[in-house]
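Spelled out, the chains give:
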Amino acid sequence: MIHFILGGAKSGKSQYAEMQMKQYVQPWIYLATGRAWDDEMKQKIQHHQERRGTGWITVEEPIQIADYLKQPNHAPILIDCLTLWLTNLMMDERDIEQETIQLVDALQSYGGDIFIVSNEVGQGIVPVEPMARAFRNYAGILHQKIASIADDFTFIVAGYPMKIKSQERDI
């Protein structure tokens, strides 16, 4: 099953996803896409690690999520987050459309449950900068593709989950 968790910055989406993962037997796999570009990001990464505590296997993979998912593994995995992955792709001048296709294919063929966290960035004003507009557009298209293949889709607002799409199943 694919569980898509979308929300604004500091909405509680990562914490919600982590709590959902804890319904499974340890260890839990946390695929981290963030790069520590600056001190603020280093602190955010450290905060996430401290909050998660023990029982997690952290895999740092800023670009090749699809390749990781193609490995023979059926353990539940939390991918956090797609917008940081998208940022990495843009910074590395990768082919966003091709990378998105590969990710969607890998997600659909993965043998275990996947929880995917991403930031909703399209509900604000239109950015002035061309790169920011491109990022917003890429994120919107990516989110539509992930939402369309997701079995469960939850939108987080101020720490509260709102189910958008649900296919209930026992773990």
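The preceding data block contains the structure.
The following paragraphs examine the structure supplied in this document. Quick caveat, the model's predicted, so the values are computed rather than measured.

Attention shifts here to the packing of helix 4 (residues 82–91) against helix 6 (residues 130–149). Look at helix 4 against helix 6: their axes get within 10 Å of each other, and the N-to-C directions meet at 130°. For the element pair helix 4 / helix 6, the angle class is oblique. When the axes of helix 4 and helix 6 are compared, the crossing they make is right-handed. Counting all contacts with helix 4, which are made through Leu82, Thr83, Trp85, Leu86, Thr87, Met90 and Met91, the residues of helix 6 involved are Met131, Ala134, Phe135, Tyr138, Ala139, Leu142, His143 and Ile146. Here the contact of helix 4 with helix 6 is composed, by residue class, of twelve nonpolar, three polar and no charged.

On to the nonpolar core, then. Core analysis: the biggest nonpolar cluster contains 35 residues, and Leu69, Leu82 and Leu107 have the highest contact counts within it. A total of six residues in this core trace back to one element, the largest contributor, which is helix 6. Ranked by size, the runner-up nonpolar core spans 14 residues in total, among them Tyr16, Met21, Ala32 and Leu78.

Here helix 6 is 20 residues long and its end C-alpha atoms lie 29 Å apart, about the 28 Å a rise of 1.5 Å per residue gives. For helix 6, the complete set of buried residues consists of Phe135, Arg136, Ala139, Leu142, His143, Ile146, Ala147 and Ile149. The buried side chains of helix 6 occupy one side of the element, clustering within an arc of 155° when seen end-on. Of the residues in helix 6, the exposed ones pointing more than 90 degrees away from the buried face are Pro130, Gln144 and Ser148.

Parameters at a glance
Residues numbered from 1 in each chain as written. Predicted model: local features only at pLDDT ≥ 70, side-chain atom pairs only at ≥ 80, totals over all residues. Heavy atoms only, no water. Axes fitted to C-alpha atoms, helices over the stretch in contact; angles between N-to-C directions. Helix = DSSP H or I, 4+ residues; strand = E, 2+ residues; numbered from the N terminus. Parallel < 35°, antiparallel > 145°, perpendicular 65-115°, else oblique. Left-handed = near helix turned anticlockwise from the far one by under 90°. Contact = heavy atoms within 4.5 Å. Nonpolar A, V, L, I, M, F, W, Y, C, P; charged D, E, K, R; others polar. Core = buried A, V, L, I, M, F, W, Y, C linked by side-chain atoms within 4.5 Å. Buried < 20%, exposed > 50% of the residue type's maximum accessible area, 1.4 Å probe, protein only. Expected span 1.5 Å × (residues − 1). Arc of directions from axis to C-beta.

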